[in-house]
Amino acid sequence: MPDSQPRQPDDPAAEATALVLCGARLTDGRIVDVRLGGGRIEAVGTAGSLTSPGARVDLRGYLLLPAPAEPHTHSDTALTADHAGPGPASHHPDAIQRRATEAALLQLGHGATALRSHVRIGDATGLAPLEAVLQASRSLHGLTDLTPVAVPRLLTGIAGADGLAMLRDAVKMGAAVVGGCPDLDPDPAGYAEAVLDIAAAHGCPVDLHTDGDDPARLTRLAAMAAGLRHAVSIGPCAGLSHLPPQTTIRAADQLAAAEVTVVCLPQGGCSGTERRGTAPVRLLRAAGVRVAAGSGALRDVANPVGRGDPLEAAYLLASQSGLPAEAAYGTVSSAAREVMGLPEVRVEAGFPAELLAVRGEQLPGVLSLAYSRIVVHRGRVVARTSAVREYCDSETVVALDLPRQGRPDSGPGGGP
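Definitions and cut-offs
Residues numbered from 1 in each chain as written. Predicted model: local features only at pLDDT ≥ 70, side-chain atom pairs only at ≥ 80, totals over all residues. Heavy atoms only, no water. Salt bridge = Lys/Arg side-chain N within 4 Å of Asp/Glu carboxyl O. Buried < 20%, exposed > 50% of the residue type's maximum accessible area, 1.4 Å probe, protein only. 1 Å grid on protein atoms, 1.4 Å probe; cavity = no way out; pocket = protein on both sides within 12 Å on 5 of 7 lines; lining within 4 Å. Points joined across faces, edges and corners; volume = space filled by probe spheres on them. Helix = DSSP H or I, 4+ residues; strand = E, 2+ residues; numbered from the N terminus. Nonpolar A, V, L, I, M, F, W, Y, C, P; charged D, E, K, R; others polar. Core = buried A, V, L, I, M, F, W, Y, C linked by side-chain atoms within 4.5 Å. Contact = heavy atoms within 4.5 Å. Pairing = 2+ DSSP bridges. Axes fitted to C-alpha atoms, helices over the stretch in contact; angles between N-to-C directions. Right-handed = clockwise from strand over helix to strand, strands pointing away.

### A short note on the pattern of salt bridges
No. 1: Considering all chains together, one arrives at 16 salt bridges under this definition.
No. 2: Residue Glu348 is joined to Arg346 by a salt bridge in which the shortest nitrogen-to-oxygen separation is 3.9 Å.
No. 3: Relative accessible area serves as the criterion here: at 18%, Glu348 is assigned to the buried category.
No. 4: If you follow the salt bridges from partner to partner, you end up with Arg307, Asp309, Glu312 and Arg373 in one network.

Shown next, in the form of structure tokens:
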């Protein structure tokens, strides 16, 4: 593939904030310089060929990738498993905002420059959790993009009337996506229909929680979604893996025909579903279903050890579901961005400067040992994670020229 041609900045001020990423390796093996400006990639050229009056970042030894996006997280409950005090973690808006902000920054450090967060509304808390996550989103502007999904509890029958009204209010408040958990409503099909109706009325995408273990329910959902102008996604759909193969294939064909995306959760479940495990990713992809991968719970009661790491999700899909490394990474990058309505990212001139540099030379090795990372959002470095591994002094370490803890001038304890 030829080098990308230079792109002129949109305005003269963009040149002042130009940044050059030097000596990065691309997945096709090329070693390149990448010049960023105005939030976009301005040029990609052979190493040492690009100049800029701005800063330079040395990426020798790093693989440069389109940044991941997180299509399924839960900011309002994130980090609540760490609560050490008596009773449950606080659901005061200030506490939710703090946890949502911290969780978003943790996931940004992993590489996700955009997040879609499912936020519960209704019951005693009303719209307060949504407002807290919206406040967190505003405070994170310029660091990462956090988009909330409104998740009501009930939408059908007499008990669901308040939920319907609250869902409409949530959209007016700023929820950009409508969702929910049909499986938890007495009338799951009615619940899904209500969400789709509100989405159609307000022009919103839909993102629903479901185990996916009821073929008739999936058939009806696919039929309803086929007429919607905006994107519809469901997940984590682990129940599809427990259906008879032919039943799963028919369901996958229907979802593909309706252009419904499945967002699987390889790292574990979330509070909106009951089943553990992962959707049948290879079968879904073979049927033409777009499959994205998310993190789900981030250290809450549904998954107290959830890491929220998109590269771990890709690693699990490669190691346990048998996807090639490139396809596995695509579920957390290109497919995730597409389901979230974000523009495509390639390491080519003209594309958004949403990038992740990971220490390593090839994608399989990066998914295996993704320790050191540099994250670029809107054309600037917003997070760095550096890992240093050293070994104690020994003949083997010296012979292999591995990094050693001890030095002749080391202080007490053998540290440099």
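What follows continues from the structure just given.
### Considerations on the layout of surface pockets
No. 1: Space inside the largest pocket adds up to approximately 450 Å³.
No. 2: In terms of lining, the largest pocket is formed by 23 residues, of which the most central are Thr27, Pro66, Val345, Arg346 and Val347.
No. 3: Mapped by element, the contributors of at least two residues to the lining of the largest pocket are strand S5 (62-66), helix H10 (325-332) and helix H11 (334-339).
No. 4: Of the residues belonging to the lining of the largest pocket, the class tally is eleven nonpolar, four polar and eight charged.
No. 5: Looking at the second largest pocket, its volume works out to about 330 Å³.
No. 6: Class assignment for the residues of the lining of the second largest pocket results in seven nonpolar, nine polar and four charged.

### Looking at empty space enclosed by the protein
No. 1: Applying the stated criterion across every chain yields a total of one cavity of 30 Å³ or more.
No. 2: Space inside the largest cavity adds up to approximately 80 Å³.
No. 3: What lines the largest cavity is Pro182, Asp183, Ala189, Ala192, Leu208, Thr210, Arg217, Leu218, Leu221 and Met224.
No. 4: Secondary structure elements with two or more residues in the lining of the largest cavity: helix H5 (188-202), strand S10 (206-210) and helix H6 (215-225).
No. 5: Per element, the largest residue contribution to the lining of the largest cavity is four residues, and it comes from H6.
No. 6: Residues of the lining of the largest cavity, tallied by class, amount to seven nonpolar, one polar and two charged.

### Things to note about the nonpolar core
Looking at soluble globular proteins, one finds that nonpolar side chains tend to be buried together.
No. 1: By size, the foremost hydrophobic cluster in this structure holds 76 residues, and its most contacted members are Val178, Val206 and Ile234.
No. 2: By residue number, the principal contributor to this core is H5, which donates seven residues.
No. 3: When residues no more than four places from it in sequence are discounted, the contact partners of Val206 are Val177, Val178, Val195, Leu196, Ala199, Leu228, Ala231, Val232 and Ser233.

### Considering the side chain of Thr80
No. 1: Relative to the helices and strands, Thr80 is located in the loop between strand S6 (70-73) and helix H2 (93-110).
No. 2: In contact with Thr80, other than residues within four places in its own chain, are Ala89, Arg99, Arg299, Asp300 and Val301.

### Here's the deal with the sheet that holds strand S12 (residues 260-264)
No. 1: Overall, parallel pairing links the eight strands, which are arranged S6-S7-S8-S9-S10-S11-S12-S13 in an open sheet. Every interior strand has two partners, whereas the edge strands, S6 and strand S13 (291-293), have only one. For this sheet, the mean inter-axis angle between neighbouring strands, taken without regard to orientation, is 30°.
No. 2: In terms of strand pairing, strand S7 (residues 114-121) meets strand S8 (residues 145-152) through eight bridges, oriented parallel.

### Some remarks on the pairing of strand S9 (residues 177-180)
No. 1: Alternating residues of S9 divide into Val177 and Gly179 and Val178 and Gly180, and every residue in both groups is buried.
No. 2: Summarising the sheet, S8 and S9 pair through two bridges and their orientation is parallel. Residue pairing for S9: Ala150 is matched across the bridge by Val178.
No. 3: With three bridges connecting them, S9 and S10 associate as parallel partners. Bridge pairing in S10 links Gly180 to Leu208.
No. 4: After leaving S9, the chain enters H5 and then returns to the sheet as S10, a path that is right-handed.

### Regarding the pairing of S12
No. 1: Among the five residues of S12, five are classified as buried, and the element is accordingly described as predominantly covered.
No. 2: Side chains Val260, Val262 and Cys264 project from S12 onto one buried face, and the interleaved Thr261 and Val263 project onto a second face that is buried too.
No. 3: Bridging between strand S11 (residues 232-236) and S12 involves three bridges; their strand directions are parallel. Of the residues in S12, the one forming a bridge with Ser233 is Thr261.
No. 4: Following the backbone out of S11, through helix H7 (residues 245-257) and into the adjacent parallel S12, one traces a crossover that is right-handed.
No. 5: Bridge count between S12 and S13: three bridges; the pairing is parallel. Within S13, the position partnered with Cys264 by the bridge is Ala293.

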